[in-house]
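Results of the structural survey
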Amino acid sequence: MKYSELLFVWAVSITWCTVFLIAVSFYLYHRRKNRSTESGTIRVRLKEFLFVLVLACLLGLYILSINLTSSLVFAIGNIIVEIFLVGYTMRNKTTTTGHGANTH
Amino acid sequence: MAPVSAGWTAGGDATSDTNTQTTSNRKDYWSIPPSDVFRELETSVNGLSEQEAQARLKTYGLNELPTHAFSAMRILIRQVKNPLLFILLVAAVVAGFFELEQSIAIVAIIALSVVLGFYNEYKAEKIIEHLRQTVSLKAVAIRDRKATQIDSKLLVPGDLVSVYVGDIIPSDIRLVDCKDLEVNEAVLTGESFPVEKNFATLQVQNPTPQQLANYMFMGTVVSHGTGRGVVVATGKHTEFGSISRSLARTRPETEFQRGVRKYGNLLISLTLALVVGIFTLNALIGHPIIESLLFSLAVAVGLVPELMPAIVTISLSQAARNMAKRRVVVKRQVSIEDFGNMDVLCTDKTGTLTSGKISVKDYWTPLGAAELRILQYGLLCNSAVVGLGEVTGNPMDAAIWEFANEKGFHKDSDSNVVIDEIPFDYQRRMMSAVVQTKVGRLLITKGAPESVLARCEQVETPNGIEPIDHMRVQIEPKLTEQAEAGYRTIALAYRSVENKSSYSVDEENKLTLLGFITFTDPPKEDARQALNKLKLMGVDVKILTGDNELVAVKVCQELGLTVYRVIRGSELTQMTSNEIRTAVEEANIFARITPEQKLDIIKALKVNKHVVGFMGDGVNDAPALFESDVGISVDSAVDVSKDTADIVLLDKDLLVLANGIEEGRKVYGNVTKYILMGTSSNFGNMFSAAGASLFLPFLPMLPMQILFMNLLYDVANMTLPTDEIDVEYKDLPKRWDIDFVRKFTLFFGPFSSLYDFLTYGIMLFIFGAAPALFQTGWFVESFWTEVLVIFVIRTRRIPFITSKPGKWLTILTLSAVAFGTILPFTFLGHFLGFVPLPAEFWVLLVLMVATYLLLVDAGKVFFYKVCKF
């Protein structure tokens, strides 16, 4: 397989993987246990799906940096996303969630 | 000494029909008088000497049946019975003809993996076995002329043994003496009613067990009276021993066992499909056949949760050990999970919520006078017996016995002789004794006031005998008053009877009421605290008592237990099964119920999808203990209860129960963690491996590299059972939910695949990696993500910040990561086909893995908080 073909197949694979994950997220949201937030505003929805937006951005970053074969772009992009994710985690800091901490 | 031979039938099918069994090859001790039995077995009324007993023990062996105790071989077989391992082994041997080095490495990794699993499971099983042995059945044998309580395993033919109510008969025994002895032989014959026993010689040829009234058989239960006899057969030579295999009662799978098994089967079928698929595709696109086969098998091995039995066993043994420290002995280790998941606890009142030491508070005539004759009659109509200097039997009878003795009354006086007894049963709720007094023969009846009063026509007053009808209005409020005050009351009545050889329940009518005896059993001091704790843990406590509902309500109120609804046994009798299902949800006190109704209540709760625990200590509790998901008994309980129970409390205390439930929840939590980890990271890795092999001109990882990673991963997970559980996880009982596991896998699995594909991109396009470098890079990334994700998945909280992992889990996991990191630079790494990675890769790896872990953590917020799973 030529380099350009291999890159294309790789990009398709990683995109397919991300799309699958996003599709599962929508499926789970649709099948979620408590639907009290269904009537939420667009802002609420965006907040709820922030993780999916981050995922889409990461996919863009990964395809771009690999296409550019740039470790620097990859590293900087990762650091920015990590800072954002740390903030996101801290905002959603949970000490008690529903029935259990570990599993279901 | 005559030989002690086995079985009723020589080589016949003992299980087909016990009624057709014969005694052709058994020494006929039933047909000779007790004195000859002593002579034949070279023993006497003074029993054996300790020295002789030891000698016989060497000859006949321990009095125990072959059990399903753990064996090293069974554990080893469990490690290797995975068909994939076997196929992989065969494939490795075949590969040896082409690439010997790889073949040896694969075999070595498989062997190491098996040894690791074996070692851990063996150690865990040994601990469980040790704990199980701490609860042993006892027998009262006469040795060196003294009655001694010994472990029933040490009984030998010729031992003289005494048995009491509630005892499980420890071996086959020829009776030489007995008193009102009734034995329930249901375990042997299927007959649910107890059979009367005597010690008279029988002249029967080839009798069935049912015909041998002068024999007691191992495993049967004394339901009434006392007896003494000579052991004629022990262990596998007993009747029970010869048919025990077929009679062994197998418990149904617990909910968790069923869930884990279904999950395992799902993974195995998925894995087999994957093996066939990957192998076919790889072979079709031109990869070498042997390499493709080994690769597909290695991927499959990576997916199979082969460590699951070890994790479960280690978790259970660890929990059992912790529970033993809190004086809770686990007899059936799989019950620990159900113990944690239990959401309804049915318990009796006496001894659990109350002190259990019943004593006589008062005795009174219908007009309120203290009449000593009430005590005297209570003593004459009494089933308590004196054994080993202690008054045993029904606690109320024992209390009357002790109280009457204090007042100077003794049962064996010359003036009153007990001629016959009509035993107590739970249907009549009373017993009677026929007594020869100086003035004639009397039938004295003692029992539940409503049962006795229903059979009374007259009442004794200072003015003489009067019709009872006009007195009922005075008596009933007094009884209610006593019951509301939390006291139990029994009634005593009598009538004259004519002289005849035997008496039946038909005589229990037209009685004259004499009076009442009131008992007290105060609530336990720590029961309130325990009930509160159980409530906070989501365990609904239901009281199942044979006692009066007013007494039960009073005790519950004193302990702060809210009474929602009280149902009497008589109401339950009128209900359909659907109505019972509704009633068991609404009520939390069931009063005046029979053992059969206890069983009905537990069955109904189970049908309603509850995990039900039952705590009991009496003979009549055994069926309920067996039927419940978790049977709990206490060390002081009768043998049959202890034997049936899954868990034995060394102290009859609800507080230790709460501690045990916490341990159960910890086990469940840690086993579930392993399942979720396996599904989320292993699945992702193995799917991306399968995907990559299709477009890469070489294998993304060599088979032995995959197997080695799998081994390292297993090592890292070994300390998972020691991990901490977040405090809120212990709050409520959990239920096995395969749908949750499926959703979790579907959501968290692709995260791992995403980062695997990213690593492929980095290795191929940034580093332009050759096969060895590519494989090394992916091995390290895959291992880091697979192992480190445990810290994120193990909790719903923020890892390390709001939820700290267990010390040993942290140490071992980080050590495994460190080992995986330096591996490419070592000789072993070189042997496995790894090459050193460039410095730039490590920088990218750290960033990539950090993003991965943070992304999974953000995914957790979406999964748990937004989707509310």
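For every chain, the first residue of its written sequence is number 1, and the numbers climb from 1 along that sequence. Chains carry letters from A onward and ligands carry numbers from 1 onward, assigned in written order. In keeping with the model being predicted, local features are shown solely for residues with a pLDDT of at least 70 and side-chain atom pairs are shown and tallied solely at 80 or more, while totals for entire chains, interfaces and linings include all residues.

1. Some points on the packing of helix α19 (residues 577-586) of chain B against helix α20 (residues 595-607) of chain B
Residue and element names in this part refer to chain B. Axis definition: a line fitted to C-alpha atoms, limited for helices to the stretch in contact. Angles are taken between N-to-C directions and run from 0 to 180 degrees. Secondary structure elements follow DSSP: runs of H or I of four or more residues count as helices, runs of E of two or more count as strands, with numbering from the N terminus. At a minimum axis separation of 9 Å, α19 and α20 run at an interaxial angle of 85 degrees. Taken together, the axis directions place α19 and α20 in an arrangement best described as roughly perpendicular. Residues I580, R581 and V584 of α19 touch α20, and the partners they reach there are D600, I601, A604, L605 and V607. Lys, Arg, Asp and Glu make up the charged group, whereas Ala, Val, Leu, Ile, Met, Phe, Trp, Tyr, Cys and Pro make up the nonpolar group; the residues left over, Gly among them, are polar. When grouped by side-chain class, the residues that make up the contact of α19 with α20 number 6 nonpolar, no polar and 2 charged. An angle counts as roughly parallel when it lies under 35 degrees, as roughly antiparallel when it exceeds 145, as roughly perpendicular when it falls between 65 and 115, and as oblique in every other case. Two residues qualify as being in contact provided that their C-beta atoms, derived from the backbone, are within 7 Å of each other.

2. Describing helix α28 (residues 807-822) of chain B
Because an α-helix completes one turn every 3.6 residues, residues spaced three or four positions apart along the sequence face the same direction. Residues and elements named next belong to chain B. Each helix should span, by expectation, one fewer than its residue count multiplied by 1.5 Å. Between its terminal C-alpha atoms α28 stretches 23 Å, which fits the 22 Å expected from 16 residues at 1.5 Å a residue. Put plainly, a residue is buried at 20 or more neighbouring C-beta atoms within 10 Å of its own, exposed at 12 or fewer, and partly exposed in between, counting only other residues' C-beta atoms, which are placed from the backbone. Within α28, burial applies to L809, T813, A816 and G820. One side of α28 holds all its buried residues, which, seen down the axis, span an arc of 60 degrees. The exposed set on the far side of α28, more than 90 degrees from its buried face, consists of K807, I811, S815, A818 and I822. On its buried face, α28 sits against α24 (703-717), α26 (771-788) and α27 (790-793). Working definition: the arc comes from the directions between the helix axis and the C-beta atoms, pointing outward to the latter.

3. Here's the deal with the nonpolar core
Residues and elements named next belong to chain B. A set of buried residues qualifies as a nonpolar core if it consists of Ala, Val, Leu, Ile, Met, Phe, Trp, Tyr and Cys joined through C-beta atoms within 7 Å. Within the largest apolar cluster, 172 residues are counted, with the highest numbers of intra-cluster contacts made by V299, M342, L534 and F590. A total of 16 residues in this core trace back to one element, the largest contributor, which is helix α23 (residues 654-695). Where each domain starts and ends comes from a domain assignment, either automatic or drawn from a database. Both of domain 2 (73-128 + 253-319 + 661-866) and domain 3 (328-354 + 524-650) provide at least three residues apiece to this core. Leave out the neighbours within four places in its chain, and F590 touches K542, I543, L544, I567 and I601. Among the nonpolar cores identified, the runner-up in size contains 43 residues, and I358, A433, L513 and F519 belong to it.

4. Thoughts on the interface of chain B and chain A
Chain B puts 57 residues into the contact, and the matching count from chain A is 47 residues. Residue assignment for the side of chain B that touches chain A shows that the elements contributing at least two residues are α23, α25 (738-766) and α30 (839-866) of chain B. By residue number, the principal contributor to the side of chain B that touches chain A is α30 of chain B, which donates 18 residues. For the side of chain B that touches chain A, the class distribution of residues is 34 nonpolar, 10 polar and 13 charged.

5. Brief notes about helix α16 (residues 527-536) of chain B
All names here are of chain B. Among the residues making up α16, those that are buried are A527, A530, L531 and L534. For α16, the buried positions fall inside an angular range of 100 degrees around the axis, keeping them on one side. G538 lies just past α16 and shows a positive phi near 80 degrees.

6. Quick notes on the pairing of strand β16 (residues 456-461) of chain B
Residues and elements named next belong to chain B. Two strands pair under a simple rule: DSSP has to find at least two bridges between them. Relative to strand β19 (residues 511-520), β16 runs parallel, the two being bridged by 3 bridges. Residue C456 lies in a different strand from β19, and its bridge partner there is L511. Alignment of β16 against strand β17 (residues 464-467), held across 4 bridges, turns out to be antiparallel. Across the sheet, T461 pairs through a bridge with G464, a residue of β17. Between β16 and β17, which follow one another and run antiparallel, lie 2 residues.

7. Remarks on unusual backbone geometry
Residues and elements named next belong to chain B. The residue R592 is not glycine, and still its phi comes out positive at about 55 degrees. Relative to the elements of secondary structure, R592 occurs in the loop between β22 (589-591) and α20. Under the C-beta neighbour-count criterion, R592 is labelled buried, with 22 such atoms within 10 Å.

8. Digging into the sheet that holds strand β9 (residues 344-347) of chain B
All names here are of chain B. Read across the open sheet, the 8 strands follow the order β8-β25-β24-β23-β9-β20-β22-β21; overall the sheet is mixed. Looking at which strands have only one partner, the edges of the open sheet turn out to be β8 (328-330) and β21 (566-568). Across this sheet, the average inter-strand angle for adjacent strands is 20 degrees, counted without regard to direction. Two strands pair when backbone bridges link them, and β9 and strand β20 (residues 540-544) are joined in this way by 4 bridges, in the parallel orientation. Directly across from T347, in β20, lies its bridge partner I543.

9. A word on the confidence of the model for chain B
Residues and elements named next belong to chain B. Averaged over all residues, the pLDDT of chain B equals 82, while 87% of them reach at least 70. Note on scores: pLDDT gives the predictor's confidence for each residue, bounded by 0 and 100. No element of chain B has a lower mean pLDDT than helix α7 (residues 239-247), at 59, and none a higher one than α28, at 94. Low pLDDT, under 50, characterises residues 1-25; the predicted model gives this stretch 51 contacts beyond four residues in sequence or across chains. What the predictor reports for the complex is a pTM of 0.67 with an ipTM of 0.90.

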